[in-house]
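Examination of the molecular architecture
Here's the letter readout for the chains.
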Amino acid sequence: MNMVVRSIDDVLRTHPQFEKDLGWKRREDGGLENPKYGVVKTGVVCKPDGAPIYAQWFYDEANMMSTERGPAVTGAVTVPYFIKPKDGLVYLAMVKQGRPAVIDGKTGERGEMVSTELPRGFANKGENGVETALREGGEETRKNLQDVKYIGVSVANTTFFGAGVQIYSARFDPAIEGSLKPDAKEQILKMDYVALPDLLMALRETPENIYCGFTKGALMDFIASLPPEVMLKQMIAFYELEMKKDGK
């Protein structure tokens with residue numbers, strides 16, 4: 001199912017009953033506010049003496065305040081993986097998901113883009129980072145994740161976003177199914193296991209095929225977190241792929 005993006009005003013003209021499900025409310029400063037997703041507000045960057053330099057918008061995601069259960073969590077990216085005992089290669093669970101907001105660089109149209117990504121999503125109210133990573137990763141892969149490890153943080157755009165998203169790795173057994181299912185509103189089309197050397201080769205040859213910034217940032221943190229002996233096996237396999245491609 002392809003999705004399209006319409007303006008709020010356009011939708012409410014044809015579907016006025018949707019207003020109760022909108023979630024977003026207009027603010028007096030011209031921004032928007034949503035109890036689940038946070039606040040988009042306008043502000044002015046100023047000099048130390050208060051003199052204005054330029055105006056811009058800021059996005060402060062929901063759940064930014066720290067609690068007694070841990071630091072602030074706005075969302076999480078999960079890197080689900082397993083290691084094949086036979087050859088020591090690392091396999092990642094990657095999902096293909098419809099992203100209607102993304103503009104196709106070739107056609108200039110929205111609604112047709114499919115993104116290859118690692119599982120990610122907003123935190124539910126009261127969740128800590130591990131809980132968010134387990135839930136989002138479990139929903140999108142339908143696997144039972146374990147051995148969750150914090151490996152980094154990523155800010156989507158440091159000019160506009162006030163908080164980062166935490167990144168976690170999590171092991172899973174591909175033979176064991178989990179109990180969680182994706183959110184019905186998400187357009188998750190497929191889940192694949194991709195060997196890390198194959199993924200590196202794909203990024204080298206066609207880097208535009210993976211364009212999710214959170215996914216690319218999480219992959220860098222994940223690679224840096226691997227033990228040297230595990231990473232060595234990945235790089236040897238990557239080298240062999242490169243030699244095979246060149247016919248050597």
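Residues numbered from 1 in each chain as written. Predicted model: local features only at pLDDT ≥ 70, side-chain atom pairs only at ≥ 80, totals over all residues. Heavy atoms only, no water.

**Details of the overall build of the chain**
Counting its regular elements, the chain contains five helices and 11 strands. Along the longest, intermediate and shortest principal axes, the C-alpha atoms of the chain span 60 × 45 × 40 Å. A total of 248 residues make up the chain; the buried ones form 36% of that total. Within the chain, contacts between residues at least 6 apart in sequence are counted, and of these 58% link residues at least 24 apart. For the chain, the centre of its 32 positive side-chain charges and the centre of its 35 negative side-chain charges are spaced 2 Å apart. (Helix = DSSP H or I, 4+ residues; strand = E, 2+ residues; numbered from the N terminus. Buried < 20%, exposed > 50% of the residue type's maximum accessible area, 1.4 Å probe, protein only. Contact = heavy atoms within 4.5 Å. Lys, Arg positive; Asp, Glu negative; His and termini not counted. Charge placed at Lys NZ, Arg CZ, Asp CG, Glu CD.)

**Things to note about the environment of Lys216**
Inspection of the secondary structure assignment puts Lys216 in helix α4 (residues 213-225). Sequence separation between Lys216 and Gly152 is 64 residues; the distance between their C-alpha atoms is 12 Å. Apart from the residues within four sequence positions on either side, Lys216 is in contact with Leu203, Pro207, Ile210 and Tyr211.

**Overview of helix α3 (residues 196-205)**
Among the residues of α3, Leu196, Pro197, Leu199, Leu200 and Met201 are the ones counted as buried. Looking at the buried positions of α3, the neighbouring elements they touch are β6 (90-98), β11 (188-195), α4 and α5 (228-245).

**Notes on the packing of aromatic side chains**
Enumeration over the complete set of coordinates arrives at 11 aromatic pairs. Between Phe172 and Tyr193, the ring centres sit 5.8 Å apart and the planes meet at 40°, which makes this aromatic pair tilted. With a gap of 21 residues between them, Phe172 in the loop between β10 (165-171) and β11 and Tyr193 in strand β11 connect regions that are remote in the sequence. Overall, the relative accessible area of 33% leaves Tyr193 in the partly exposed class. An aromatic cluster is defined as three or more aromatic residues linked by ring pairs; in this entry it consists of Trp57, Tyr59, Phe160 and Phe161. (Phe/Tyr/Trp six-rings, centres within 6.5 Å; stacked < 30°, edge-to-face > 60°.)

**A short note on the nonpolar core**
One broad trend across soluble globular proteins is that nonpolar side chains are buried collectively. One finds Val77, Val79, Val90, Leu92, Leu118 and Phe222 to be the most contacted residues of the largest nonpolar core, which totals 24 residues. Every element with two or more residues in this core is listed here: β5 (75-83), β6, β10, α3, α4 and α5. If you look at the next biggest cluster of nonpolar residues, it comprises nine residues, including Phe82, Tyr91, Ala93 and Ala237. (Core = buried A, V, L, I, M, F, W, Y, C linked by side-chain atoms within 4.5 Å.)

Remember that the coordinates give geometry; whether it matters functionally is a separate question.
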